[in-house]
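Single-letter residue listing:
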Amino acid sequence: MITDRDYNALADNAYEVDKNKAKHPIRKGDTIDVEDNNKILSSFEVLKVKDNTENGMQAMAVAPLDKNGKADTSQVVIAYAGTNADDDLDVLTDVQTVGLGKDTLTTSTRVEVPFNPNKPSDRYVTTTTIMDAQSVTALQFAEEISKLYPNSRITTTGHSLGEYLALLVAAENQWVNVGFNGPDPYGVLSKKAKEWVKKNPGWLTNFRNRGDAIGNLMGNGTGAETMISLDMGLNPFKGAFHSLSTWEFDDEGRLLIPKNEYNKKALQQEIERQLVQEFILKMAVLSDLKAKFQASGGGLSTNEQIYLDDTQALAVVQLASSEFELAMTNTMKVYQDGILDLEDLWKSCVSNAQAASPDLNYGEVMDTLSSANCIESTMVTVPSEDFREKIAKAKQMSEKFTRLVSEIKSELAKLIEIDQELARQLE
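Per-chain numbering applies: the sequence of each chain, read as written, is numbered from 1 onward. Residues qualify for local features only when their pLDDT is at least 70, as the model is predicted, and side-chain atom pairs are given and counted only at 80 or more; totals for whole chains, interfaces and linings, by contrast, use all residues. Values shown for side chains rest on all heavy atoms present in the structure; no hydrogens or waters enter the calculation.

Caption draft 1: How the structure looks around the overall build of the protein chain. Scanning the protein chain from terminus to terminus reveals 9 helices and 10 strands. Considering only contacts in the protein chain between residues 6 or more positions apart, those separated by 24 or more positions represent 61%. In short, Shrake-Rupley with a 1.4 Å probe defines the accessible areas, and a residue's cover is counted only from the protein chains shown. As presented, the protein chain carries roughly 23100 Å² of accessible surface, and 50% of it is formed by carbon and sulfur atoms. Runs of E in the DSSP output that reach at least two residues are strands. Runs of H or I that reach at least four are helices, and both are numbered from the N terminus. Residue contacts follow a heavy-atom distance rule, with two residues in contact if any of their heavy atoms lie within 4.5 Å.

Caption draft 2: Fine view of unusual backbone geometry. Even without being glycine, N38 reaches a positive phi, approximately 65°. Assignment of secondary structure puts N38 in the loop between β1 (31-36) and β2 (39-51). With a phi close to 60°, Q174 is a non-glycine residue in the positive phi region. Looking at the element boundaries, Q174 is found in the loop between α4 (161-173) and β8 (176-180).

Caption draft 3: Structural context of the layout of surface pockets. A 1.4 Å probe that fits into a set of points on a 1 Å grid over the protein atoms alone but cannot get out defines a cavity; an open set with protein on both sides within 12 Å along at least five of seven lines defines a pocket, and lining residues are those with an atom within 4 Å of a point. Grid points are joined across faces, edges and corners, and a volume is the space filled by probe spheres set on the points. Space inside the second largest pocket adds up to approximately 1000 Å³. As for the second largest pocket, its lining consists of 35 residues, and the residues nearest its centre are N200, P201, G202, E272 and V276. Elements with a contribution of two residues or more to the lining of the second largest pocket: α5 (191-199), β9 (204-209), β10 (225-228), α6 (264-296) and α9 (376-426). Broken down by class, the residue content of the lining of the second largest pocket amounts to 14 nonpolar, 11 polar and 10 charged. Side-chain classes follow a simple rule in which Ala, Val, Leu, Ile, Met, Phe, Trp, Tyr, Cys and Pro form the nonpolar group, Asp, Glu, Lys and Arg form the charged group, and the remainder, Gly included, forms the polar group.

Caption draft 4: Broad picture of the side chain of R273. Within the secondary structure, R273 is located in helix α6. N or O atoms within 3.5 Å of each other form a polar contact, as long as, within protein, one can give a hydrogen and the other can take it, and as long as residues adjacent in sequence are counted only when both atoms are side-chain atoms. Reaching out from R273, the side chain makes a polar contact with the side chain of D4 at a distance of 2.8 Å. Sequence-distant contacts of R273, that is, excluding residues within four places in its chain, are made with D4, V178, G202, T205 and F207.

Caption draft 5: Main features of the pattern of salt bridges. We define a salt bridge as a contact between a side-chain nitrogen of Lys or Arg and a carboxyl oxygen of Asp or Glu at a distance within 4 Å. A complete count under the given rule lists 12 salt bridges for this structure. Here K19 ties to D51 by a salt bridge, and the two come within 3.7 Å at their closest N and O atoms. In this pair, K19 is assigned in the loop between α1 (4-13) and β1 and D51 in strand β2, connecting sequence segments 32 residues apart. Residue class for K19 comes out partly exposed when judged on its relative accessible area of 43%. Here's how the labels work: a residue is buried when its accessible area is under 20% of the maximum for its type, exposed when over 50%, partly exposed in between, all with a 1.4 Å probe on protein chains only.

Caption draft 6: Main features of the pairing of strand β7 (residues 153-158). In terms of residue burial, β7 counts as a mostly covered element, since 5 of its 6 residues are buried. Following DSSP output, two strands are said to pair if at least two bridges run between them. The pairing of strand β4 (residues 75-80) with β7 spans 6 bridges and is parallel. When the sheet's bridge partners are listed, Y80 is paired in β7 with G158. Here β7 pairs with β8 via 2 bridges, running parallel. Note on β8: the bridge partner recorded for T155 is V176. Whether a crossover is right-handed comes down to one check: with the strands pointing away from the viewer, does the path from the first strand over the helix to the second run clockwise; if it does, it is right-handed. The handedness of the β7 to β8 crossover, carried by α4, is right-handed.

Caption draft 7: Seen up close, the sheet that holds β8. One open sheet holds the 8 strands; their spatial order is β1-β2-β3-β4-β7-β8-β9-β10, and the pairing between them is mixed. The open sheet has two edge strands with one neighbour each: β1 and β10. On average, adjacent strands in this sheet sit at an angle of 25° to one another, irrespective of strand direction. Every angle, taken between N-to-C directions, lies between 0 and 180 degrees, and every axis is a line fitted to C-alpha atoms, over only the stretch in contact when it is a helix. Each of β2, β3 (58-64), β4 and β7 is contacted by helix α3 (residues 134-148), which is oriented at about 165° to β4, the strand it contacts most. Where α4 meets the sheet, its contacts fall on β4, β7, β8 and β9, and the angle it forms with β7 comes to roughly 155°.

Caption draft 8: Focus on the confidence of the model for the protein chain. Values of pLDDT, ranging from 0 to 100, describe the predictor's confidence in every residue of the model. Per-residue confidence for the protein chain averages 85 on the pLDDT scale, and 83% of its residues sit at or above 70. The model gives residues 298-308 a pLDDT under 50, and that stretch makes 12 contacts with residues more than four places away or in other chains.

Caption draft 9: Region of the structure containing the environment of R110. Mapped onto the fold, R110 is located in strand β5 (residues 104-112). Owing to a relative accessible area of 62%, R110 belongs among the exposed residues under this scheme. Sequence separation between R110 and T126 is 16 residues; the distance between their C-alpha atoms is 4.4 Å.

Caption draft 10: Region of the structure containing helix α2 (residues 88-99). Relative to the 16 Å expected for 12 residues at 1.5 Å per residue, α2 spans 15 Å between its end C-alpha atoms, a close match to the ideal helical length. Between a side-chain oxygen at the N-terminus of α2 and the backbone nitrogen of L89 the separation is 2.9 Å; the capping residue is D87. Backbone geometry just after α2 places G101 at a positive phi near 75°. Each residue after the first adds 1.5 Å to the expected span of a helix.

Caption draft 11: View of helix α8 (residues 362-371). Residue N361 occupies the N-cap position of α8, its side-chain oxygen lying 3.1 Å from the main-chain nitrogen of G363. Two residues or fewer past α8, N373 is found with a positive phi of approximately 60°.

Caption draft 12: Seen up close, the packing of aromatic side chains. Note on aromatic contacts: the rings of Phe and Tyr and the six-membered ring of Trp form a pair at centre separations within 6.5 Å, being stacked when their planes are under 30 degrees apart, edge-to-face when over 60 apart, and tilted otherwise. Following the criterion strictly, the structure yields 4 aromatic pairs and no others. The interplanar angle of 45° and the centroid separation of 6.3 Å between the aromatic rings of F180 and W247 together place this pair among those described as tilted. With a gap of 67 residues between them, F180 in strand β8 and W247 in the loop between β10 and α6 connect regions that are remote in the sequence. According to the relative accessible area criterion, W247 is buried, its value standing at 4%. Among the aromatic residues, ring-to-ring pairing joins F180, F207 and W247 into one connected group. Note on geometry: a ring has a charge over it if NZ (lysine) or CZ (arginine) is within 6 Å of the ring centre and within 35 degrees of the ring normal. Its end group placed over the ring of Y186, K198 keeps NZ or CZ at 5.1 Å from the ring centre.

This is the structure:
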């Protein structure tokens, strides 16, 4: 499984596709190692790169290497490069595409012309060129990769401008995205993509640093934002708020969110994201497995694989089921704890009010609280309904997942019965 740490490293390496920036630009066939403390944790093969010299867009498509060192193209990540401050095309893109939402890029060049004695002051002319914006060519590159790997689960990542492009591409193609410090592209999405992001929270993840004045631009229309306080203060002139290196990860490669008062929402969002993306991944694995059974019609390719195929398939189902249930349990606990926290807060509020007003009876205390709009319905009932709605949605996901698991186990049981009969005949 591709981790947050992997996405961070790939977003960083995407900058190295730019031949005007990198001494040794990344090219097709290269291997990218993701390291921590000089230990290689995972590796990826570069499948294709794009270095568009006309508009300044860089991107690469990679696949993780399996235990045998071969590219596992069942998973493909498209990583987009962010702004190179020394590249005028990137700077123009920040203004014209990110800021103004244009799908074209306009450049102006001042050219010296031969001296004309009749017009001695006209030594220069300005030429204007209009071309496709990086947003357009980013989508074109994604389409190329989708055609090259039609059966792959494609995800996107990027940093800064790169995450802006990665979010755009993911939303338009209904893919998962995990990226960092990106302005939000909601304003340039198609109507279909806008509807999709509203209906599918958790598919897009844009980790933002609370103090980042660049990455937090353009709002949060996609809903991808996970805003995190890294306890770095809020002075934009002090600290590397926009840097990829500020993010840290646990031993499993998950992004670490400091446990402070500001990050309560982010911690809840992260639990929800893990559940949604676990659901997406496991449903894809099981759907592929189900399709394989249906395509084979229950037939066996070779006698030698009779037991092996069934055992492996059952192991896949059981592992997917247990991992999803764990994510489900963690999410439900967060929601239930949230409801209990609201109830405790209300009780504490009433208790403190009574202690502060010993001359008032209970009814008078409640009236005083009510006059300040501090009532149980606003502090507990309404917020609790939001948690209960989330619990209901989580249960719907669980029911859908359980139905698919049940269908596959039923298919497996039939196959195992056939296999065992065939095995007895072969003895």
